[in-house]
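Chain residues, written in single-letter form:
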Amino acid sequence: MKTERENNVCGKTHDNCCNKAIETNRARGRLVSLSNHDPLLSIPAAVSKKVFHISLAVAALASAVFADVRVSKLFSDNMMLQQDMDIRFWGYADDGESITVSIVDADGRTLASGITTAAGGRWKLSLAPRKAGGPYEVRITGRNIVTIKNVLIGEVWLAGGQSNMWYIVSNAMPGGNPAIEGAGELIRAATNTRIRYFFDGLGGTNEPALDVYESSKWKETSPGNVIWFSAVGYVFAERLARARNVPVGIIGTAVGGTSMQWWMPREALAADPEFALYAQKPWNPNLKRIFEQSTALYNAMIAPLTGFPMRGVIWYQGENNARGATDDKLQNAVHFYRLFTALIRSWRSAWNDEKLPFLFVQLAPYGKHVDADPNDIALAYTRDAQLKSWQTTSNTAMAVITDCGDKGDIHPLRKIPVGERLSAAARAVVYGEKIEYSGPVFRSMKIDGARIVIAFDHANGLIAKDGSLTGIEISGPDGVFMPANAVIEGAAVRVSADAIAAPRYVRFGWANYPEPVLNLYNSEGFPASPFSTAVTIGEYVK
């Protein structure tokens with residue numbers, strides 16, 4: 001059963017705040033989140049308790065006499081609606097109250113209108129699809145009138161995942177990480193007000209919530225606002241808006257240090273015996289980071305959005321799931337694959353759209369653990385699981401960022417290429433533009449005597465940047481790999497090693513942090529995905 005939520009006082013979606021927050025309790029079946037931003041935390045406990053009870057009394061009195069129509073907090077000034085899909089609104093009102101929703105243009109003309117009646121304290125209404133345009137005004141009329149201003153219709157995308165998707169354009173806060181590369185120019189050029197960003201307030205709940213947090217708001221792009229936007233999400237939107245000449249809205253739901261199972265509905269976890277333990281763990285209301293448990297982030301931050309039409313999802317996550325639970329790296333990768341593809345299916349089911357586009361980022365090179373354990377190649381297997389997820393799941397695409405990593409920092413600052421490559425994928429896969437959107441991807445291999453010839457897809461104009469090919473290894477039947485001689489031949493690469501007369505396997509970029517940086521690209525400037533012919537797709541799909 002869904003529960004309506006109280007205001008998350010903090011409302012910040014950055015790791016520093018998450019780590020300092022959050023006392024939680026339940027009042028009348030509602031989650032109340034208090035953080036270090038809440039002045040109640042700085043006064044004596046006895047006084048705080050009195051204030052809390054007084055607040056509940058005032059809220060109860062207000063609810064008894066407050067009969068105005070209300071709208072979900074997802075709908076605010078500066079918002080973006082999805083073009084070419086039903087336009088949906090919902091909210092709260094007394095049973096039997098008649099609600100009219102109208103879209104009005106700048107000249108005061110009503111472009112669309114509909115009427116519904118509240119039942120069970122709630123109302124919802126759909127208007128016919130419209131093409132991109134605006135700004136408009138949306139008027140919700142019952143006993144009172146709610147006006148939503150500066151509304152655009154265009155393309156809406158959800159930006160989800162963990163800290164690398166959350167990472168804002170300018171992390172200019174005490175103790176924060178450095179700003180991304182190119183932040184200054186991005187900020188100065190942030191003048192396209194047809195790009196909008198929705199800040200989804202942070203929190204976790206045990207049951208699916210009815211509404212987003214009070215702190216959640218839509219913002220226009222400006223130099224002052226864009227510093228708080230997801231860097232990857234903003235670059236994706238800016239490049240997409242520029243290429244397609246359309247307004248673009250991003251719904252930001254990423255939270256640092258989070259695992260996939262926290263972003264999935266309970267029924268999706270319970271349906272698979274491999275994930276059942278995630279679903280069966282009891283809810284713990286005393287965690288400092290309340291969302292660090294299965295389904296909590298889905299319930300709080302995704303469930304309230306599922307009635308809102310949107311074009312698709314961009315996703316950057318996996319670091320938290322990359323290490324796995326066993327010493328068997330392949331077994332961990334297969335688990336990652338199964339969990340990730342289940343997440344995609346569950347979100348498509350929640351939006352009632354089995355073709356909902358899901359574009360994601362392959363994990364960047366990161367080398368801290370290599371120094372501690374040279375045999376630790378967990379990220380290599382995780383990247384392979386992501387590659388197989390793309391290859392076996394329709395309406396998906398994967399942005400390869402092997403040239404954007406940082407050996408010593410899991411939060412690389414090269415975020416602009418990430419957003420650009422996701423945008424290219426959207427343009428090609430979702431909008432049908434005839435452009436390249438991926439780097440070379442392993443297709444097949446052929447053993448030719450003492451050589452192996454590797455064929456690639458997305459291989460127009462294969463090149464090795466800055467010298468000979470790097471990161472390619474070869475092995476015989478024993479699976480002991482060594483550096484290979486690699487030569488580009490058209491859309492293929494010929495691989496051999498003097499010490500191996502009967503080669504069997506080839507792998508490329510098979511390390512947490514390949515060194516030197518991988519340099520196989522196509523002529524459009526997209527880097528090749530790492531792969532290993534020793535790990536077949538049959539290992540994942542059984």
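Here's what I pulled together on the structure shown here. (Residues numbered from 1 in each chain as written. Predicted model: local features only at pLDDT ≥ 70, side-chain atom pairs only at ≥ 80, totals over all residues. Heavy atoms only, no water.)

The next thing to look at is the environment of Asn320. Note on placement: Asn320 falls in the loop between strand S14 (312-316) and helix H10 (329-350). Along the primary structure Asn320 and Thr258 are separated by 62 residues, whereas in three dimensions their C-alpha atoms are 6.2 Å apart. Contact partners of Asn320, with chain neighbours within four places excluded, come to Gln162, Gly257, Thr258, Ser259 and Trp262. There is a polar contact of 3.3 Å between the side chain of Asn320 and the side chain of Ser259. (Helix = DSSP H or I, 4+ residues; strand = E, 2+ residues; numbered from the N terminus. Contact = heavy atoms within 4.5 Å. Polar contact = N/O pair within 3.5 Å; in protein donor to acceptor, adjacent residues only side chain to side chain.)

Here Asn519 shows up in the loop between strand S24 (505-508) and strand S25 (520-521). A polar contact is formed between the side chain of Asn519 and the backbone oxygen of Lys465, at a distance of 2.8 Å. A polar contact is formed between the side chain of Asn519 and the backbone oxygen of Ser468, at a distance of 2.9 Å.

Running from amino to carboxyl end, H10 crosses helix H12 (residues 378-392) at an angle of 40 degrees, the nearest separation of the two axes being 9 Å. One way to sum up the angle between H10 and H12 is to call them oblique. In the crossing of H10 with H12, the sense of the turn from one axis to the other is right-handed. Of the residues in H12, those in contact with Lys329, Leu330, Ala333, Phe336, Tyr337, Phe340 and Thr341 of H10 are Tyr381, Thr382, Ala385, Gln386, Lys388, Ser389 and Thr392. Split into classes, the residues belonging to the contact of H10 with H12 amount to 7 nonpolar, 5 polar and 2 charged. (Axes fitted to C-alpha atoms, helices over the stretch in contact; angles between N-to-C directions. Parallel < 35°, antiparallel > 145°, perpendicular 65-115°, else oblique. Left-handed = near helix turned anticlockwise from the far one by under 90°. Nonpolar A, V, L, I, M, F, W, Y, C, P; charged D, E, K, R; others polar.)

Across the sheet, 4 strands lie side by side as S21-S20-S24-S26; this open sheet has antiparallel pairing. Sheet topology places strand S21 (481-483) and strand S26 (531-532) at the edges, where each strand pairs with a single neighbour. Where strand S20 (residues 472-475) and S21 come together, 3 bridges link them in antiparallel fashion. Looking at S21, one finds that Ser475 is bridged to Phe481. (Pairing = 2+ DSSP bridges.)

Before going further, it helps to spend a moment on the sheet that holds strand S5 (residues 87-92). Here we have 3 strands laid out as an open sheet, ordered S3-S5-S8, and antiparallel in their pairing. Looking at strand neighbours, the two that pair on one side only are strand S3 (70-71) and strand S8 (122-127), the edges of this open sheet. Alignment of S5 against S8, held across 6 bridges, turns out to be antiparallel. The residue bridging Arg88 from the neighbouring strand is Ser126, located in S8.

Across all of its chains, the model carries 26 salt bridges by this definition. Between Asp84 and Lys131 there is a salt bridge; the shortest N-O distance is 3.1 Å. One end of the pair, Asp84, is in the loop between strand S4 (80-82) and S5; the other, Lys131, is in the loop between S8 and strand S9 (133-141), and 47 residues separate them in sequence. The class for Asp84 is partly exposed, based on a relative accessible area of 36%. Ionic pairing is found between Arg338 and Glu274, a salt bridge with its closest N-O pair at 2.4 Å. (Salt bridge = Lys/Arg side-chain N within 4 Å of Asp/Glu carboxyl O. Buried < 20%, exposed > 50% of the residue type's maximum accessible area, 1.4 Å probe, protein only.)

As paired elements, strand S22 (residues 485-489) and strand S23 (residues 492-496) share 5 bridges and run antiparallel to each other. Across the sheet, residue Glu489 finds its bridge partner in S23, namely Ala492. Hairpin geometry of S22 and S23 is characterised by an intervening segment of 2 residues between the two adjacent antiparallel strands and by a positive phi of about 65 degrees at Gly490.

Packed helices, taken two at a time, are described by the angle their axes make and the gap between the axes. Their axes nearest at 7 Å, the elements helix H6 (residues 231-244) and helix H13 (residues 416-430) cross at an angle of 45 degrees. In terms of axis orientation, H6 runs oblique to H13. The handedness of the crossing between H6 and H13 is right-handed. Of H13, the residues touching H6 (which contributes Val232, Val235, Phe236, Arg239, Leu240 and Ala243) are Ile416, Val418, Gly419, Glu420, Leu422, Ser423, Ala426 and Arg427. For the contact of H6 with H13, the per-class residue count stands at 9 nonpolar, 2 polar and 3 charged.

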